[in-house]
Structures are given as C-alpha cells and as structure tokens.
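Working through the structure, step by step
If you want the building blocks of each chain, they are given just below.
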Amino acid sequence: LMGMGVMATVNQTIDFETATLVAAEFDYEVEKATFEEDTILRPEHDDPEKLVYRPPVVTIMGHVDHGKTSLLDVIRKTRITANEAGGITQHIGAYHVSTDKGQIVFLDTPGHEAFSSMRSRGAKVTDIVVLVVAADDGVMPQTVEAVNHARAAEVPIIVAINKIDKANAEPDRVQRELSDIGLSPEDWGGDTIFVQVSAKQNTGVDDLLEMILLQSEILELKADPDKRAAGRVVEAKLESGRGPVATVLIQEGTLNAGDPVVCGIHYGKVRALLNDRGQQVNSAGPSIPVEITGLTGVPLAGDEMIVLADEKDAKQVSLHRMQKQRSKNLAQTNRLSLDNLFEKMQEGEIKDLNLIIKADVHGSVEALKDSLVKLSNEEVNINIVHSAAGAISESDISLAAVSDAIIIGFNVRPNAKVQDMAAEEHVDIRYHNIIYNVIKEVTDAIVGLMSSTFEERTLGWADVRQVFHVPKIGAIAGCYVTEGKIERSQSVRLLRDGIVIYEGRNGSLRRFKDDVKEVQTGY
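The following refers to the structure shown. Keep in mind that what you see is a predicted model, and the values were worked out from it rather than measured.

With that settled, consider the sheet that holds strand E23 (residues 474–487). Read across the open sheet, the three strands follow the order E22-E23-E28; overall the sheet is antiparallel. Strand pairing shows two members of the sheet lacking a second neighbour, strand E22 (460–470) and strand E28 (518–520), which therefore form its edges. Going from strand to strand, the sheet's axes swing by 40° on average, the running direction of each strand aside. Pairing analysis gives three bridges linking E23 to E28, with the strands arranged antiparallel. The partner of Glu487 across the bridge, within E28, is Glu518.

Before going further, it helps to examine the pattern of salt bridges. One pass over the structure, following the stated rule, counts 18 salt bridges. For Asp396, the salt bridge identified is with Lys358, shortest N-O distance 2.6 Å. Remark: Lys358 occurs in strand E18 (residues 352–359) and Asp396 occurs in helix H11 (residues 394–403); sequence separation between them is 38 residues. Pair check on accessibility: Asp396 and Lys358 agree, each one buried. Between Lys485 and Glu487 there is a salt bridge whose closest N-O contact spans 3.5 Å.

In this model helix H10 (residues 362–373) runs 17 Å from its N-terminal to its C-terminal C-alpha over twelve residues, within 8% of the 16 Å that 1.5 Å per residue would give. Of the positions making up H10, those classed as buried are Ser364, Val365, Leu368, Ser371 and Leu372. The arc that holds the buried residues of H10, viewed along the axis, is 150°, so those residues lie on one side. The inward-facing, buried residues of H10 contact E18, strand E19 (381–389), strand E20 (405–410) and helix H13 (435–447).

Turning our eyes to something else, we now look at the pairing of strand E13 (residues 266–274). A large share of E13 lies buried, amounting to seven of its nine residues. Across four bridges, the pairing between strand E12 (residues 260–263) and E13 is antiparallel. Its bridge partner lying in E13, Val262 is registered against Tyr267. Linkage of E12 to E13, two consecutive antiparallel strands, is achieved through a turn of two residues, within which Gly264 is found at a positive phi near 65°. Sheet analysis places E13 next to strand E16 (residues 289–295), joined by four bridges and oriented antiparallel. What sits directly across from Gly268, in E16, is Leu295. Bridging between E13 and strand E14 (residues 280–281) involves two bridges; their strand directions are antiparallel. Directly across from Leu274, in E14, lies its bridge partner Gln280.

Phi is positive for Asp27, which is not a glycine, with a value near 60°. When you line up the elements, Asp27 lands in the loop between helix H1 (16–25) and helix H2 (37–40). For Asp27, a relative accessible area of 72% corresponds to the exposed category. In the Ramachandran plot, Glu220 falls in the positive-phi region, its phi being about 50° despite a non-glycine side chain.

Let us look at the nonpolar core. Counting 24 residues, the largest nonpolar core has Leu71, Phe106, Val130, Leu208 and Ile212 as its most contacted members. Looking at this core, the elements that each hand over two or more residues are strand E2 (57–62), helix H3 (68–76), strand E3 (93–98), strand E4 (103–108), strand E5 (128–134), strand E6 (157–162), strand E7 (193–196) and helix H7 (205–219). The element contributing the most residues to this core is H7, with five residues. Those residues in contact with Ile212 that sit more than four places away from it in its chain are Pro56, Val58, Ile104, Phe106, Ile128, Val130 and Ile158.

Attention now moves to the pairing of E23. When E22 meets E23, the two strands line up antiparallel, connected through ten bridges. Along E23, the bridge assignment pairs Val467 with Ala477. If you look at the hairpin formed by E22 and E23, you'll find three residues sitting between the two strands, and Lys472 has a positive phi there, around 70°.

Within helix H6 (residues 171–180), the full set of buried residues consists of Pro171, Val174, Gln175 and Leu178. Along the axis of H6, the buried residues cluster in a sector spanning 100°; they form a single face. Opposite its buried face, H6 presents the exposed residues Asp172 and Asp180, each directed more than 90 degrees away. Where H6 is buried, its residues contact E5, E6 and E7. Once H6 ends, the next one or two residues include Gly182, with phi positive near 95°.

This brings us to the environment of Val132. By the element assignment, Val132 lies in strand E5. Note: C-alpha distance between Val132 and Ala160 (28 residues apart in sequence) is 4.9 Å. Once residues lying within four places of it in the same chain are set aside, the contact partners of Val132 are Ile60, Met61, Gly62, His63, His66, Gly67, Lys68, Leu71, Ala160 and Asn162.

Time to look at the sheet that holds E20. With parallel pairing, the four strands of this open sheet are ordered in space as E19-E18-E20-E21. Each end of this open sheet is capped by a strand with a single partner; those strands are E19 and strand E21 (429–432). Strand-to-strand, the axes of this sheet are offset by a mean angle of 20°, without reference to chain direction. Pairing between E20 and E21: four bridges, direction parallel. Among the inter-strand pairings, Phe410 is bridged to a residue of E21, identified as His432. Strand contacts of H10: E18, E19 and E20, with the helix running at about 180° to E19, the strand carrying the most contacts.

With that out of the way, let us pick up the packing of H10 against H13. Between H10 and H13, the least distance of the axes is 10 Å, while the angle of their chain directions is 30°. For the element pair H10 / H13, the angle class is roughly parallel. H13 is crossed by H10, and the crossing has right-handed handedness. The residues of H13 that touch H10, namely those facing Ala367, Leu368, Ser371 and Leu372, are Ile435, Val438, Ile439 and Val442. Class assignment for the residues of the contact of H10 with H13 results in seven nonpolar, one polar and no charged.

What follows covers the packing of H11 against helix H12 (residues 416–425). Where H11 meets H12, the axes come as close as 9 Å, and the angle between the chain directions of the two elements is 10°. On the basis of the axis angle, H11 is roughly parallel to H12. Contacts between H11 and H12 pair Glu394, Ile397, Ser398 and Ala401 from the former with Lys417, Val418, Met421, Ala422 and Glu425 from the latter. Along the lines of polarity and charge, the residues of the contact of H11 with H12 split into five nonpolar, one polar and three charged.

Definitions and limits used
- Residues numbered from 1 in each chain as written.
- Predicted model: local features only at pLDDT ≥ 70, side-chain atom pairs only at ≥ 80, totals over all residues.
- Heavy atoms only, no water.
- Pairing = 2+ DSSP bridges.
- Helix = DSSP H or I, 4+ residues; strand = E, 2+ residues; numbered from the N terminus.
- Axes fitted to C-alpha atoms, helices over the stretch in contact; angles between N-to-C directions.
- Salt bridge = Lys/Arg side-chain N within 4 Å of Asp/Glu carboxyl O.
- Buried < 20%, exposed > 50% of the residue type's maximum accessible area, 1.4 Å probe, protein only.
- Expected span 1.5 Å × (residues − 1).
- Arc of directions from axis to C-beta.
- Contact = heavy atoms within 4.5 Å.
- Core = buried A, V, L, I, M, F, W, Y, C linked by side-chain atoms within 4.5 Å.
- Parallel < 35°, antiparallel > 145°, perpendicular 65-115°, else oblique.
- Left-handed = near helix turned anticlockwise from the far one by under 90°.
- Nonpolar A, V, L, I, M, F, W, Y, C, P; charged D, E, K, R; others polar.

The quantities given are spatial measurements derived from coordinates; they are silent on function.
Shown next as structure tokens:
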C-alpha cells in the first residue's frame, strides 16, 4: 500500500479498487461479497391489466378542539372521544369506512408531529387532507400549520367548516380568513372544495364524503392486489402480552397471516392481523389499515413494510439495515445551515432555500416574508415553508427537519427543550432583532460572503418565581436557577412565552442578602 502511495493504518478500510490492485500484486483475485438489498427486494412492476381502484386515504387535520375526532365519530357512527383520556386523541387511529358510494380510509392524527415524522421518512401515505375549521373560532395557528404541512406534501386539501349549528358561527368569515392564506372556495372562483358540516347535528357529512370520493376519482388511485404486499407503518407500540404491535396501511398487494415481512430495521412473521374494529382477519388488500403482531422490535412511524419470499431473506435485510443505521448514526447528518449554503450552491446541490419565520408580532412576520422572498435570484429560490407569530415550538423543528429548512427567530427564543431538539436534529436556528440584519445575513449567505459568525453561548436559565418592589430601586426578580448558572454583570434576556421582553445586563446578583459572583443550578 505504501508503495502505491496509500498511507493506511492497520484497521482502516480501503476501497474495492485499491484492494484489487494489492491482491493482484500477490496473484490473487478479489470479488465483491457485499450484500445488496436490491437483489432481494426486487420491485415487481405493476401490470396495467391487474390494477384496480383502491379507497382513498384521508388525513384529518386542524386546530385542537375544532372537532376533528367528533366528525370522524359521526362518520364511523361510534364514539371515540368518549374513550379518550380528557377527550383528546392520543394515538393515531386508522379507520376503514364504507359508504353507499364507495370506501374511504381515515387517518386521525394527533397534531402534525406524526404527519411530519412520517413524511421525514419519505412516506407519502395520505391522498387527501381534510382541514377541519370551527365556524365559531376561525383560522388558528395550527390551522395555518396544517395547510403548510399539506402543501409541503403536495396533497389536495378539502376544507370542512365544522360547528355551523352554533349561534355565533360565521362560515363566511372563515372562508375569508382561509382565502387570505391561499385557500379560496370554488364559489368565489377558487379551486378549493369547501363543505359546511356540523358533527353534532349530523348535517353536511354526506356531502363531505361525496366530495372526498369525487376528489379521489380525479386522482385515479389504483393498486395491484395480486403482488407481494408493501405498506407503511402508521403507528407502533409495545404491548404487554402481545409484544411489538404495528398499525400498517397496506399500499399495494395483499398481506396474509404468516407472511415473512421486513419492517424498517426489524423483521418477523405476521402472527395475526386485526382490523380497525379489533376483529381478526386473514388478509388485507390495498389501502386497508391493519394491526400486525410478530415483529422482532417496534418500528418507527413511516417505516416501510415489505413482504419477502422467506424469513431468511427478511432477517438478512434486517441485519443489513441495522448495520447501515449504526454507521449512519455515527456519521451524523449535516443539514443545511446558512454557513454552508454557498458551498452547497457551488456544488449544485441547492436550488431552494427553505425558511421558517417565527416572530413576536404578526407585522414583523409579514414584513420579513415580503422582503426575504424578494431576495430570490436565478441561482437560489427562497421558499417560506411556514411563518407565524409566537415562540419557536417543537413542531417547527420537526417541520424544518423534514423540509430541510432554516428557522429565523425574530425577537423570539426557544426554550431549553426545543433547543436540545434542534441540536439533535441539526436544525439551524438564526436569531435576530433587526430586520436589516436578517436580510443582510441571507443575502451574504447566498453570495458566500458570510462574515465571522456571531455565536451565542447560553450560561444558564432561571425562572422568575416572585417580583419584589423596592422604593427608589424598582422591581427585583426573585429567581430559581433551572439550568447552568447565573453570573454577575453578564448579558441577560427576559423571555415571556418564548418572546423577548427585555435585553441588557443584570445590575446586581444576590443570594439572600449577600452579593455573589454566581448562583448555580437549584439555588
């Protein structure tokens, strides 16, 4: 190796070409003995003759308490909410509903984390999104978030305006608010289907189902039921007595009990299939949700499930994936950040710069949005994936991770938990309080003139537990240090609900009556 100019240590791996050359010196031949997944997972091609229509898969999204689950209840004619703790949805349910006109499969997701965590694994499970908006409440932050998620996944949206039976319901106002965020009703010359429903009075529900089936006819959803089954995990958990249980949505082919499957990095033999009502079934075709048992471990939401010829193949694929996963965890991904934007543009990797904007007030959001979109040029196109007033939340981080976006926080700061999540997901968050600096930073990143970066090191966090008023001095904050330490005459920032109220230096630091240099965690 040294003769060839390769300085390798004893336990370093060398590539195949080098190994071939070295072996040739000693009259040996080398052959590649690596395991290729594709040889086992040969994708079968669809036979156009065998394709049949499959039911559409519909995800119901919307703001909390706008009546998503109650609407599903009326459709399923059962009562889910009554059994849920506190009347809110805690797990993802997948429900198969038969109507006179056809069949529909509903996914009831709690919020958008599930939706984005599935999308981050490339799972395009949903065909149609039904956006539920309460007529008495109007468009709320999570409503806007749901719209942005659905748009990022490129899924058609049908709007259901719920609670129209209430005395203070204003459906027209809701339509106006929604057309402001780009969903204009068909009656107004737009292209979004709007349906007015009331889950309590059971009105308009049939119209909604009809519109869903109409939309699915336009989409022409087809699948081949005769192939080996493939599907996606909607949700998985560990149950005592049953072991790992996964809710799987079959996308093509038919899954039978006893089939050997590989599911993400786990494998197994399907021991039993249960439908959405908890009854045991022998097989499940395209678009049908079932619970399966018999896997070696709990897969992740969005993992792909594939049926293989025998269990030996399944085990081999599973082991191979585990090794790949391990090496992937070691070489943690480096996501896009403003610092490496120019290099990636040079390499031709980046054409779009996705941004998420969070600011303390709505006016700043609008101003930032307008001025940043104008920075797009022929080399890079600037996309605003999501923008809202309020603190940076965990769902912003998961949306940024999925859409490879950079978060811009204007006069807002995330709490420690959200910061840890951002570090874990390698999401770049930029903090600013002057609009020109934001524009300058993004412009500089595009042309590759990023000056030395200004990095913020957090020394500690404290909660204000009580405020004392002392004459001639003013307000004194009695605090409890929750993380790190607080030092005397350092820069401090006061946050309320994640929004920056004040920035400056702390005037004095005391513990009881003594002046101190620093106060540690827990004091």
